[in-house]
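# Understanding the architecture of this molecule
Residues per chain are reported as follows:
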Amino acid sequence: TQIMSRGLPKQKPIEGVKQVIVVASGKGGVGKSTTAVNLALALAANDSSKAIGLLDVDVYGPSIPKMMNLKGNPELSQSNLMRPLLNYGIACMSMGFLVEETAPVVWRGLMVMSAVEKLLRQVDWGQLDYLVVDMPPGTGDVQLSVSQNIPISGAVIVSTPQDIALMDAHKGAEMFRKVHVPVLGLVQNMSVFQCPKCKHKTHIFGADGARRLARTLDLDVLGDIPLHLDIREASDTGQPIVFSQPGSDEVEETGLEDSIN
Ligand code: ADP
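Described below are features of the structure shown in this document. A quick note: this is a predicted structure, and the numbers were derived from the prediction, not measured. (Residues numbered from 1 in each chain as written. Predicted model: local features only at pLDDT ≥ 70, side-chain atom pairs only at ≥ 80, totals over all residues.)

## Section: the overall build of the chain
The helix and strand inventory of the chain stands at 10 helices and 10 strands. For the chain, whose C-alpha radius of gyration is 17 Å, the value lies close to the compact-globule estimate of 18 Å for 261 residues. Taken along the three principal axes of its C-alpha coordinates, the chain extends 60 × 40 × 35 Å. Per-residue burial over the chain gives 45% buried out of 261 residues. The long-range fraction of contacts in the chain, counting pairs at least 24 apart against all pairs at least 6 apart in sequence, stands at 77%. (Helix = DSSP H or I, 4+ residues; strand = E, 2+ residues; numbered from the N terminus. Rg over C-alpha atoms; globule rule 2.2 N^0.38 Å. Buried ≥ 20, exposed ≤ 12 C-beta atoms within 10 Å, placed from the backbone. Contact = placed C-beta atoms within 7 Å.)

Pasting the structure below:
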């Protein structure tokens, strides 16, 4: 897919960043962060000359620190910008680096917006070819504000094949269309579980829901990811599957790497 940036008048690019890809979902827990992390790693693996960043604006439930095995306070640059933390060659920034891991984020709307503003504007990314942004789930203030403040090359929407997740994914896709962000396509996650013992395949959340939704919305299915223990373990141990098992069936099956470029 050839990705084009479309600017709205209020939008200002993030300094040094060429393309922004947001990863969004209607519902929480469908694998949005897992997709964002592995997409960033896949983009880096696909072309080592490209500089990739990962920005976690899921301020209520930041997952990137754990998934990317990163912790700590970002240093400040001379111009008082936060320096991203680096792992697996990916520059990362997350609210999780700025607040205690177990501290609940109990913020009013304005505080959330100012935190998002900081994450968008006060990070020294250097030069990036792609910045992958892990959005919060849903279609609220944060999603709107990100979409209206920076030019976004495209949105990837993640859903399980379950009706309730699809309904919310549909709303997500409509929201991006309203704010003129091109939707690159849908990723269907947790579509099938294969019993490691008897090899029987079960469609725990349904089989082809995201494919049907993609047809309805005239969108591509960018990848289809099975529900697999290795994916969960890889995320939980901070060694994302694209990094730790690059040749595995689970990674091959996603097709993510090929479809974005
Ligand atoms: P979201 O960002 O949508 O809230 P996450 O990416 O945090 O979702 O995923 C929720 C949980 O499900 C995590 O523990 C993650 O490791 C796990 N998970 C996500 N996708 C898969 C998958 N395909 N197979 C197994 N576990 C998965």
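## So, the site of the ligand
Close contacts around the ligand come from 19 residues, with Gly31, Lys32, Ser33, Thr34 and Arg232 the closest. Those elements giving two or more residues to the shell around the ligand turn out to be helix 1 (32–46) and helix 7 (229–236). Among the elements that line the shell around the ligand, the one with the most residues is helix 7, at four residues. Among the residues forming the shell around the ligand, the class breakdown is six nonpolar, 10 polar and three charged. (Near = placed C-beta within 6 Å. Nonpolar A, V, L, I, M, F, W, Y, C, P; charged D, E, K, R; others polar.)

## Some remarks on the sheet that holds strand 4 (residues 90–94)
The strand order 3-4-2-5-1-6-7-10 describes an open sheet built from eight strands, whose pairing is mixed. With partners counted over all chains shown, the strands left at the sheet margins are strand 3 (85–87) and strand 10 (221–225), one partner each. Looking at each pair of strands side by side, their axes are set apart by 25° on average, direction ignored. (Pairing = 2+ DSSP bridges. Axes fitted to C-alpha atoms, helices over the stretch in contact; angles between N-to-C directions.)

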